[in-house]
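The primary structure of each chain is shown beneath.
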Amino acid sequence: MAVFKRGYERYTGPRTGALARFLVVPRFAWPKLLGERFVVVLLIVSLFWPLLCAGFVYLSNHASLLPGLAEAGDAVQKLLRIDGAFFATFMNVQSTFAIILAAIAGPGLIAPDLANNALPLYFARPLSLASYIGARLLVLFGLLATVTLLPGLFVFGMQASLGGSAWLAAHWTLGQGMLLGFLLYILLVSLVALTLSAYVKWRVVAGALVLGFFFVLGGAAQIINQVFRVEWGSLLSPSYILYTIWCALLGVETPADAPDAGECLAALVVLLAALLAILLRKLRPVEVVS
């Protein structure tokens, strides 16, 4: 209705709560993502490694019942030990599935809104920019948590139940470290996927860039280290940064001459801040063209 006719009236009816408005975007995005065949196949494939790790946990706690393993040497007993190195390997493998999943699901979250000029429709409603970004992050968080956090907590819970209260009292920091490590990883992967989705309209290209961000930068970091005979080049590799932080959280030793966990954490904070700033620059409810 035209404004000059003074027939417009502001809506005065009941409003939903802030949490309900925040969950509108994930509520419609999750069924759409789970309806994609590649996403479902990848979710199923990503469960094989946690199942193998669960079988290894069971074998490690029942080694005395198997013939030959009870009399095995120290090397075999050390191999069957459930420690920080075991969970670091578990996290490293599952993180690969998370990157591939983000490359498939992430590019389609923001690009359609920008291509169809839908941001003014979002922000014309009681939804702030922070809520919009948080809702999109929650979509990827729920998806990536199914291949990282949930399987990891399942494996840790299985070991805690089989190892008893004594093992849990001595190794509870492993569960805490895995939880914090996966949370940092999901945050980084989600921001990378959303940022590339905001700047690249083609879904295939954006997905390839998500993969390249982690794998190509890792190769470039190694080239810099080899050419200039330095170690600081590893700070350009997101995978190395996160793995070093994981090792620190899980109590696993890392090379002494490489960047330590403190330097990697500082690099991660800078990277997250840069990604968020780039994303905020692109997401504008209105645009002024001069």
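Anything mentioned here points back to the structure above.
Residues numbered from 1 in each chain as written. Predicted model: local features only at pLDDT ≥ 70, side-chain atom pairs only at ≥ 80, totals over all residues. Heavy atoms only, no water.

## Quick word on the overall build of the protein
For step 1, the next point in the chain: The number of helices and strands found in the protein is 13 helices and zero strands.
For step 2, the next point in the chain: Taken from N to C terminus, the helices and strands of the protein fall in the order α-α-α-α-α-α-α-α-α-α-α-α-α.
For step 3, the next point in the chain: Contacts in the protein between residues far apart in sequence, at least 24 positions, make up 75% of those at least 6 positions apart.
For step 4, the next point in the chain: As presented, the protein carries roughly 16,400 Å² of accessible surface, and 68% of it is formed by carbon and sulfur atoms. (Helix = DSSP H or I, 4+ residues; strand = E, 2+ residues; numbered from the N terminus. Contact = heavy atoms within 4.5 Å. Areas by Shrake-Rupley, 256 points an atom, 1.4 Å probe, with all protein chains shown as cover.)

## Observations concerning the side chain of Glu 36
For step 1, the next point in the chain: Relative to the assigned elements, Glu 36 resides in the loop between helix H2 (24–34) and helix H3 (37–45).
For step 2, the next point in the chain: When its relative accessible area of 19% is taken as the criterion, Glu 36 is described as buried.
For step 3, the next point in the chain: Ignoring anything within four residues of it in the chain, the contact list for Glu 36 reads Ile 104 and Arg 203. (Buried < 20%, exposed > 50% of the residue type's maximum accessible area, 1.4 Å probe, protein only.)

## Points about the layout of surface pockets
For step 1, the next point in the chain: What the second largest pocket holds in volume is close to 350 Å³.
For step 2, the next point in the chain: For the second largest pocket, the lining is made up of 14 residues, of which Arg 21, Tyr 122, Arg 125, Pro 126 and Leu 127 are closest to its centre.
For step 3, the next point in the chain: Elements with a contribution of two residues or more to the lining of the second largest pocket: H2 and helix H8 (119–123). (1 Å grid on protein atoms, 1.4 Å probe; cavity = no way out; pocket = protein on both sides within 12 Å on 5 of 7 lines; lining within 4 Å. Points joined across faces, edges and corners; volume = space filled by probe spheres on them.)

## Side note on the packing of helix H10 (residues 149–199) against helix H12 (residues 238–250)
For step 1, the next point in the chain: In the contact formed by H10 and H12, the axes pass within 8 Å of each other and the chain directions differ by 160°. For the element pair H10 / H12, the angle class is roughly antiparallel. As H10 packs across H12, the resulting crossing turns out to be right-handed. Touching Thr 173, Leu 174, Gly 177, Met 178, Leu 180, Gly 181, Phe 182, Leu 184, Tyr 185 and Leu 188 of H10 are Pro 238, Leu 242, Ile 245, Trp 246, Leu 249 and Leu 250, all from H12.
For step 2, the next point in the chain: Of the residues assigned to the contact of H10 with H12, the class counts are 13 nonpolar, three polar and no charged. (Axes fitted to C-alpha atoms, helices over the stretch in contact; angles between N-to-C directions. Parallel < 35°, antiparallel > 145°, perpendicular 65-115°, else oblique. Left-handed = near helix turned anticlockwise from the far one by under 90°. Nonpolar A, V, L, I, M, F, W, Y, C, P; charged D, E, K, R; others polar.)

## Regarding the packing of helix H4 (residues 48–61) against helix H6 (residues 84–105)
For step 1, the next point in the chain: Contact geometry of H4 with H6 gives a least axis separation of 10 Å together with a crossing angle of 165°. The pairing of H4 with H6 is recorded here as roughly antiparallel in orientation. Crossing handedness for the pair H4 and H6: right-handed. Between H4 and H6, the contacting residues are Trp 49, Pro 50, Cys 53, Phe 56 and Val 57 on the first element and Phe 86, Thr 89, Phe 90, Val 93 and Gln 94 on the second.

## Things to note about the environment of Gly 163
For step 1, the next point in the chain: Along the chain, the position of Gly 163 falls in helix H10.
For step 2, the next point in the chain: Considering only alpha carbons, one finds Gly 163 and Tyr 58, 105 residues apart in sequence, at a separation of 9.7 Å.

## Things to note about the environment of Gly 152
For step 1, the next point in the chain: Looking at the element boundaries, Gly 152 is found in helix H10.
For step 2, the next point in the chain: For Gly 152, a relative accessible area of 0% gives the class buried.
For step 3, the next point in the chain: Residues Gly 152 and Pro 50, 102 residues apart in the sequence, show an inter-C-alpha distance of 7.5 Å.
For step 4, the next point in the chain: Excluding its chain neighbours within four sequence positions, the residues that come into contact with Gly 152 are Phe 90 and Met 178.

## Observations concerning the pattern of salt bridges
For step 1, the next point in the chain: Per the stated rule, a full pass over the model turns up two salt bridges.
For step 2, the next point in the chain: With its nearest N and O atoms 2.9 Å apart, the salt bridge here joins Arg 203 to Glu 36. Of this pair, Arg 203 sits in helix H11 (residues 203–228) while Glu 36 sits in the loop between H2 and H3; the two residues are 167 residues apart in sequence, bridging distant segments of the chain. (Salt bridge = Lys/Arg side-chain N within 4 Å of Asp/Glu carboxyl O.)

## Details of the nonpolar core
For step 1, the next point in the chain: The biggest cluster of nonpolar side chains holds 68 residues, and the ones touching the most others in it are Phe 87, Leu 101, Ile 110, Tyr 132, Leu 188, Leu 279 and Leu 283.
For step 2, the next point in the chain: If one sorts the elements of this core by residue count, H10 sits on top with 18 residues. (Core = buried A, V, L, I, M, F, W, Y, C linked by side-chain atoms within 4.5 Å.)

## Digging into the packing of aromatic side chains
For step 1, the next point in the chain: By the definition in use, this model includes 10 aromatic pairs.
For step 2, the next point in the chain: Relative to Phe 86, the ring of Phe 56 has its centre 5.6 Å away and its plane inclined at 15°; by these criteria the two rings are stacked. Taken together, the positions of Phe 56 in helix H4 and Phe 86 in helix H6 put the pair 30 residues apart, joining distant regions of the chain.
For step 3, the next point in the chain: Classification of Phe 86 as buried rests on a relative accessible area of 12%.
For step 4, the next point in the chain: Taken together, the ring pairs connect Phe 56, Phe 86, Phe 87, Phe 156 and Trp 167 into an aromatic cluster.
For step 5, the next point in the chain: For Lys 282, the ring lying beneath its charged end belongs to Tyr 199, and the centroid distance is 5.3 Å. (Phe/Tyr/Trp six-rings, centres within 6.5 Å; stacked < 30°, edge-to-face > 60°. Lys NZ or Arg CZ within 6 Å of the ring centre and 35° of its normal.)

## Quick look at H3
For step 1, the next point in the chain: Along H3, the residues that are buried comprise Val 39, Leu 42 and Leu 43. Buried residues along H3 cover an arc of 100° about the axis, so they all sit on one side. Those residues of H3 that are exposed and angled more than 90 degrees off the buried face are Arg 37 and Phe 38.
For step 2, the next point in the chain: Looking at the buried side of H3, the elements it contacts are H2, H6 and helix H9 (129–145). (Arc of directions from axis to C-beta.)

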